[in-house]
Structure formats: structure tokens, C-alpha cells
Amino acid sequence: MELQVLLLRPIFFFFLLTSLQQSSSARILTISKPDRHDYAASARWLVSQNSWGVLSTLSVDHEGAPFGNVVSFSDGLPEKGSGIPYFYLTTLDPTARNALKDQRASLAISESPVGTCKRDPMNPTCSKLTLTGKLLVLDKGSEEAEVAKKALFTKHPEMIDWPEDHDFRFFKLEIINIFLINWYGGAKPITVDEYLHAKSIKVASFL
């Protein structure tokens with residue numbers, strides 16, 4: 001009897017792992033992805049689904065050389081994103097210090113962390129987005145600072161307990177240019193106005 005149990009145990013774990021993989025795949029497919037021809041909606045979707053990206057500024061410590069830094073961000077409450085990325089940055093970190101000297105910045109994000117793309121992140125069918133503009137510090141106590149606070153602390157609750165003596169401030173990226181690749185054929189044309197006013201999201205098949 002004990003021998004039979006030992007022989008059946010690997011089979012049990014095989015079916016368990018298989019069911020978990022299928023369950024995981026099913027969860028991924030429930031994420032609504034816009035039609036790839038709707039460029040503005042695709043860009044907004046990437047921003048809303050991601051929680052971090054690479055924020056690049058011009059370094060004050062290295063004669064204006066580009067400085068990329070992994071940062072957390074949020075564009076609003078769940079299902080109510082504005083498309084504007086907000087950040088909670090400390091002036092102890094180079095990114096915030098750079099922005100206070102030179103506001104020019106860009107935020108790069110990928111579809112890869114979302115889980116809907118299983119190919120190499122550089123593959124054109126794995127969407128990628130770069131938002132370029134000005135990284136602006138928000139006035140403490142302003143209405144927009146409260147919007148940023150609610151958006152960031154909802155998506156990143158750990159931020160609530162970050163030390164007050166580290167001079168954390170709320171920032172936003174004022175978007176000037178949008179670079180999106182979500183299929184073959186190069187960058188897709190999107191104006192800032194189209195991006196900010198994108199509303200309808202057409203659910204697409206996973207091709």
C-alpha cells in the first residue's frame with residue numbers, strides 16, 4: 001500500500017502543477033487589452049496596467065548625461081486613471097534632484113511585466129511606451145498633490161510608511177511627446193490630446 005502511494009505521488013503533483021499553470025494562463029487572458037489599432041487606448045492601457053517603469057532625467061552629477069532610474073508610479077485610482085503618471089520621489093535620490101534642476105524627463109514602460117506578452121520585451125508585438133516631457137514637482141497641499149497622493153498610496157500602499165524626514169515629494173510627468181510600439185511597422189502616431197482623451201477600449205484577441 002505504501003509503495004502505491006509513493007508511485008502515485010508524482011502523478012498527483014504533475015496534475016496539480018498542470019492545473020495551476022492553466023489557472024494562471026486563464027487569469028492572464030482575463031486582462032482586457034485594447035485593439036492594437038487603437039493606439040491612444042493601447043498607450044493608456046499600458047500606463048494603467050503598469051506600476052513601475054524607468055524614469056530618465058539629466059544628471060546634475062554627471063554633466064547632463066542621461067540617468068535612468070527604476071521608479072514606481074500611478075496614473076490614478078483603479079479604472080479611473082487620467083493617463084498622467086504621478087511619482088513619490090525623495091530628494092535624497094538623484095532623479096528628484098535632477099528634475100529640480102532640469103525638468104526634462106522621460107518614462108519608459110513595457111507590456112512584459114503585465115503578463116500579456118510572453119515574447120522577448122524587444123519584440124515589436126510586446127508593446128512598449130516612452131512618454132517624454134517635464135517632471136514637475138507638485139505644490140504641497142494642492143488639489144493635484146492630493147490626487148497624486150491618493151493614486152500612489154492606493155496602488156503602492158507601502159509608500160504610506162516611508163520616512164517623513166526623507167523629503168519625499170509628489171511629482172508628475174507633463175507629457176509632450178508619445179512613442180509607442182505595439183506591432184510591426186515602427187512607432188505609432190499619437191498626439192498628447194488623443195492620449196489624454198482616450199476613453200473607449202476595444203478588447204482584442206491575443207495574437
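Conventions used here
- Residues numbered from 1 in each chain as written.
- Predicted model: local features only at pLDDT ≥ 70, side-chain atom pairs only at ≥ 80, totals over all residues.
- Heavy atoms only, no water.
- Helix = DSSP H or I, 4+ residues; strand = E, 2+ residues; numbered from the N terminus.
- Polar contact = N/O pair within 3.5 Å; in protein donor to acceptor, adjacent residues only side chain to side chain.
- Contact = heavy atoms within 4.5 Å.
- Pairing = 2+ DSSP bridges.
- Axes fitted to C-alpha atoms, helices over the stretch in contact; angles between N-to-C directions.
- Phe/Tyr/Trp six-rings, centres within 6.5 Å; stacked < 30°, edge-to-face > 60°.
- Buried < 20%, exposed > 50% of the residue type's maximum accessible area, 1.4 Å probe, protein only.
- Lys NZ or Arg CZ within 6 Å of the ring centre and 35° of its normal.
- Salt bridge = Lys/Arg side-chain N within 4 Å of Asp/Glu carboxyl O.
- Expected span 1.5 Å × (residues − 1).
- Patch = residues over 30% accessible without salt bridge, like charges linked within 9 Å, V, L, I, M, F, W, Y side chains within 5 Å.
- Areas by Shrake-Rupley, 256 points an atom, 1.4 Å probe, with all protein chains shown as cover.
- pLDDT = per-residue confidence, 0-100.

A.B. asks: How do you make sense of the side chain of Thr91 when you look at a structure like this?
C.D. replies: Topologically, Thr91 is positioned in the loop between β3 (86–90) and α3 (94–101). Within the structure, the side chain of Thr91 is placed 2.5 Å from the side chain of Asp167, a separation counted as a polar contact. Each residue touching Thr91, except ones within four places of it in the same chain, is listed here: Ala96, Arg97, Leu100, His166, Asp167 and Arg169.

A.B. asks: Can you walk me through the sheet that holds strand β4 (residues 104–110) in this structure?
C.D. replies: Backbone hydrogen bonds hold the strands of a sheet together, and the pairing may be parallel or antiparallel. The strand order across the open sheet formed by six strands is β2-β1-β4-β5-β6-β3, and the pairing between neighbours is antiparallel. Pairing within the sheet leaves two strands with one partner each, and these edge strands are β2 (66–72) and β3. Between one strand axis and the next, the sheet turns by 35° as a mean value, whatever way the strands run. Two strands pair when backbone bridges link them, and β3 and strand β6 (residues 168–181) are joined in this way by five bridges, in the antiparallel orientation.

A.B. asks: Explanation requested: the packing of aromatic side chains in the structure shown.
C.D. replies: What characterises a pair of aromatic rings is the spacing of the ring centres plus the angle enclosed by the ring planes. In this structure the tally under the stated criterion is eight aromatic pairs. With a centroid separation of 6.0 Å and an interplanar angle of 50°, the aromatic rings of Phe153 and Phe170 are classed as tilted. Within this pair, whereas Phe153 is found in helix α4 (residues 143–155), its partner Phe170 is found in strand β6, the two being separated by 17 residues in sequence. Owing to a relative accessible area of 16%, Phe153 belongs among the buried residues under this scheme. Residue classification places Phe170 among the buried positions, given a relative accessible area of 15%. In this structure an aromatic cluster arises from ring pairing among Tyr88, Phe153, Trp162, Phe168 and Phe170. Lying over the aromatic face of Phe73, Lys155 brings its terminal NZ or CZ to 5.8 Å of the ring centre.

A.B. asks: Can you help me understand the pattern of salt bridges in this one?
C.D. replies: Two side chains with opposite charge may pair up if their charged atoms get near one another. Within the structure shown, the criterion is met by five salt bridges. Arg104 is the salt-bridge partner of Asp102, the closest N and O atoms lying 2.8 Å from each other. Owing to a relative accessible area of 22%, Asp102 belongs among the partly exposed residues under this scheme. Its relative accessible area of 53% is what places Arg104 among the exposed residues. Between Lys172 and Glu144 there is a salt bridge; the shortest N-O distance is 3.2 Å. Taken together, the positions of Lys172 in strand β6 and Glu144 in helix α4 put the pair 28 residues apart, joining distant regions of the chain. A relative accessible area of 26% places Glu144 in the partly exposed class.

A.B. asks: Is there a simple way to explain α4 in this structure?
C.D. replies: Since the α-helix turns once every 3.6 residues, residues separated by three or four places project in the same direction. Helix length check: α4 (13 residues) gives 19 Å between terminal C-alpha atoms against 18 Å at 1.5 Å per residue, within 8%. Inspection of α4 places Ala145, Ala148, Ala151, Leu152 and Phe153 among the buried residues, and these make up the whole buried set.

A.B. asks: Teacher, can you tell me more about a nonpolar patch on the surface here?
C.D. replies: Where nonpolar side chains cluster on the molecular surface, the patch consists of Trp52, Val54 and Val70 and spans about 270 Å² of accessible area. Relative to the assigned elements, Val70 resides in strand β2.

A.B. asks: Please clarify how helix α2 (residues 39–49) should be interpreted in this entry.
C.D. replies: Burial within α2 is extensive, with eight of its eleven residues counted as buried. Buried within α2 we find Ala40, Ala41, Ser42, Ala43, Arg44, Trp45, Leu46 and Val47. Looking at the buried side of α2, the elements it contacts are β4, β5 (128–137), α4, β6 and α5 (192–196).

A.B. asks: Explanation requested: the confidence of the model for the protein in the structure shown.
C.D. replies: Atom-level detail of predicted coordinates should not be read off regions where pLDDT is low. Of the residues in the protein, 81% reach a pLDDT of 70 or more, and the chain-wide mean stands at 87. Every residue in residues 10–30 scores below 50 in pLDDT, and together they form five contacts with partners more than four places removed in sequence or on other chains. In this model, residues 202–207 is a region of pLDDT below 50 whose contacts with residues beyond four sequence positions or in other chains number 14 contacts.

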